[in-house]
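In case you want the letters, here they are:
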Amino acid sequence: MWTRPVSGTVDGVQTNPAARARALTKVYGTGDSRVVALDHVDVDFHSGRFTAIMGPSGSGKSTLMHCVAGLDEPTGGAVFLGDVELSGMSDNQLTALRRDRVGFVFQAFNLLPTLTAWENITLPLDLAGRAPDRELATTIIEAVGLGDRLHHRPSQLSGGQQQRVACARALITRPDVVFADEPTGALDSAASAQLLRLLRTSVDDLGQTVVMVTHEPAAAAYADRVLFLADGRLVDELAAPTADRVLDRVKSLERVRV
Ligand code: ADP
């Protein structure tokens, strides 16, 4: 099976993270409407690891993910995807970088309604003029668990199935990082668990790097590490999380804020 190097190392030598931010700052608006969404955030997202980002509404989770993914322009600081620094890139360069090196899963599945599940999954490769890696495609298709529904259109699939298609579409290009923004927000608990297992499998079996914003402790528990944001700053982190430990940490951070 196709594998990636062990997390953060190549032949035992430490490598750069899949993505990182240094003193990342994002300010929206001016004067009375000025909001500091991110305040000098330093963070590393290591290769082949699953990181969850949590924090109260408005704490900067989406802004952090969008800036690191090259979807939003920082006000200050630096963002790197691998060794490539994003600041100073033109819009065209950023578009190409996102297409070639980043995968996205959004809360609203964003599938194309006229294409089948399979056509949706392979669309990024078609757009890039690349053929699917058969071995990888087989592994992903098995993990997605759609069976004979691969040739159905999104409207013939459940929400959970559609989101697993969206996830497969993000994985098929072997991106440096998959960014998932509240991917289980529109799913029931059974469908959420299936989607989270798919993300987990992509990390364990394919060596994928995954960064996921969530407000659900049960979802964050699938990650290797949980980062906690408050008021645009990283205020805490938890390794090897369980839902109970995440919930405890969320509660204690809320107490600090009161
Ligand atoms: P979260 O994802 O944790 O809910 P966000 O990153 O969406 O937080 O937002 C962080 C802060 O930045 C909030 O105060 C929000 O109101 C503000 N913000 C986000 N996007 C914009 C925008 N486009 N214009 C103005 N303020 C924004």
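Here the structure is a predicted model, which is why all the values come from computation and not from measurement.

Definitions and limits used
- Counting restarts for each chain: residues are numbered from 1 in the order of the written sequence.
- Where local features are concerned, this predicted model is filtered to residues with pLDDT of at least 70; where side-chain atom pairs are given and counted, the filter is 80 or more; whole-chain, interface and lining totals use all residues.
- Side-chain measures were taken over the full set of non-hydrogen atoms in the model, leaving aside hydrogen atoms and water.
- Values of pLDDT, the confidence the predictor places in each residue, fall between 0 and 100.
- Two residues qualify as a contact provided that any one of their heavy atoms is within 4.5 Å of a heavy atom in the partner residue.
- For each residue, the test is whether any non-hydrogen atom lies within 4 Å of the molecule or strand; if one does, the residue is near.
- Two N or O atoms form a polar contact when they lie within 3.5 Å of each other; inside protein one atom must be a possible hydrogen donor and the other a possible acceptor, and for residues adjacent in sequence the pair counts only when both atoms belong to side chains.
- The numbering of helices and of strands both runs from the N terminus, where a helix is a DSSP run of H or I of at least 4 residues and a strand a run of E of at least 2.
- Classes in brief: Ala, Val, Leu, Ile, Met, Phe, Trp, Tyr, Cys and Pro nonpolar; Asp, Glu, Lys and Arg charged; the others, Gly included, polar.
- In this scheme, a residue with accessible area under 20% of its type's maximum is buried, one over 50% is exposed, and one in between is partly exposed, where area comes from a 1.4 Å probe on protein chains only.
- In a helix, the anticipated span is given by 1.5 Å times the number of residues less one.
- Here is the rule: rings of Phe, Tyr and Trp (six-membered ring for Trp) pair when centre to centre is within 6.5 Å. Planes less than 30 degrees apart are stacked, more than 60 are edge-to-face, and the remainder are tilted.
- Here, a charge over a ring is recorded when the distance from Lys NZ or Arg CZ to the ring centre is within 6 Å and its angle to the ring normal is within 35 degrees.
- Definition of nonpolar core: a set of buried residues of the types Ala, Val, Leu, Ile, Met, Phe, Trp, Tyr and Cys, connected through side-chain atoms within 4.5 Å.
- Between any two strands, at least two bridges found by DSSP are needed for them to pair.
- Between N-to-C directions, angles cover 0 to 180 degrees, with each direction set by a line fitted to C-alpha atoms, over the stretch in contact for helices.

**Digging into the confidence of the model for the protein chain**
Thinking step 1. With 93% of its residues at a pLDDT of 70 or more, the protein chain has an overall mean of 90.
Thinking step 2. The low-confidence segment residues 1-8 (pLDDT under 50) makes 21 contacts with residues lying over four places distant or belonging to another chain.

**So, the site of the ligand**
Thinking step 1. Close to the ligand lie Tyr28, Val35, Ala37, Pro56, Ser57, Gly58, Ser59, Gly60, Lys61, Ser62 and Thr63, which account for all nearby residues.
Thinking step 2. Between the ligand and the protein, one listed contact pairs an oxygen atom with a backbone N or O atom of serine 59 at 3.1 Å.
Thinking step 3. The separation between an oxygen atom of the ligand and a polar main-chain atom of serine 62 is 2.9 Å.
Thinking step 4. Among the secondary structure elements, those contributing two or more residues to the shell around the ligand are β4 (35-45) and α1 (61-68).
Thinking step 5. Among the elements that line the shell around the ligand, the one with the most residues is α1, at three residues.
Thinking step 6. Grouping the amino acids of the shell around the ligand by side-chain chemistry returns four nonpolar, six polar and one charged.

**A short note on the environment of leucine 24**
Thinking step 1. Among the secondary structure elements, leucine 24 is positioned in strand β3 (residues 19-28).
Thinking step 2. For leucine 24, a relative accessible area of 0% puts it in the buried group.
Thinking step 3. For the pair formed by leucine 24 and leucine 94, sequence separation is 70 residues and the distance between their alpha carbons is 17 Å.
Thinking step 4. Setting aside its immediate chain neighbours within four residues, leucine 24 contacts Leu38, Asp39, His40, Val41, Leu64, Cys67, Val68, Pro74, Gly76, Gly77 and Val79.

**A word on helix α5 (residues 159-171)**
Thinking step 1. Its 13 residues place the ends of α5 18 Å apart at the C-alpha level, agreeing with the 18 Å of an ideal helix rising 1.5 Å per residue.
Thinking step 2. Within α5, 12 of the 13 residues are buried, which leaves it mostly tucked inside the rest of the structure.
Thinking step 3. In this fold, the buried residues of α5 make contact with β8 (102-105), α3 (117-128), α4 (134-144), β9 (177-181) and α6 (189-206).

**Looking at the packing of aromatic side chains**
Thinking step 1. The tally for this structure, following the rule as stated, stands at two aromatic pairs.
Thinking step 2. Pairing phenylalanine 104 with phenylalanine 106 gives two aromatic rings, centres 5.7 Å apart and planes at 10°, and the pair type is stacked.
Thinking step 3. For phenylalanine 104, a relative accessible area of 18% corresponds to the buried category.
Thinking step 4. Relative accessible area serves as the criterion here: at 28%, phenylalanine 106 is assigned to the partly exposed category.
Thinking step 5. Ring-pair connections join several aromatic residues into one group, and the members of that group are Phe104, Phe106 and Phe179.
Thinking step 6. The cationic tip of arginine 20 hangs over the ring face of phenylalanine 80; the distance from NZ or CZ to the ring centre is 4.0 Å.

**Things to note about the nonpolar core**
Thinking step 1. Core analysis: the biggest nonpolar cluster contains 42 residues, and Ile140, Met212 and Val226 have the highest contact counts within it.
Thinking step 2. Contacts of methionine 212, omitting those with residues within four sequence positions, involve Phe50, Thr51, Ala52, Ile53, Ala180, Pro183, Leu196, Leu199, Ala219 and Ala220.
Thinking step 3. The next biggest cluster of nonpolar side chains, apart from the first, holds 27 residues, and it includes Ala21, Val41, Leu81 and Leu94.

**With respect to the sheet that holds β4**
Thinking step 1. The strand order across the open sheet built from four strands is β4-β3-β6-β7, with neighbouring strands paired in antiparallel fashion. Edge positions in the open sheet fall to β4 and β7 (84-85), since each of these has one partner strand only.
Thinking step 2. Direction of pairing for β3 relative to β4: antiparallel, over a ladder of seven bridges. Looking across to β4, one finds that valine 27 is bridged to valine 36.
Thinking step 3. This element, α1, spans β3, β4 and β6 (76-81) of the sheet and lies at about 120° to β3.

**Re α6**
Thinking step 1. When the terminal C-alpha atoms of α6 are compared, their 25 Å separation across 18 residues agrees well with the 26 Å that a helix rising 1.5 Å per residue should span.
Thinking step 2. Among the residues making up α6, those that are buried are Ala191, Ser192, Ala193, Leu195, Leu196, Leu198, Leu199, Arg200, Ser202, Val203 and Leu206.
Thinking step 3. Contacts made by the buried residues of α6 are with β5 (50-54), α4, α5, β10 (210-213) and α7 (217-220).
Thinking step 4. Capping the start of α6, aspartate 188 holds a side-chain oxygen 3.2 Å from the backbone nitrogen of alanine 190, two or three residues further along.

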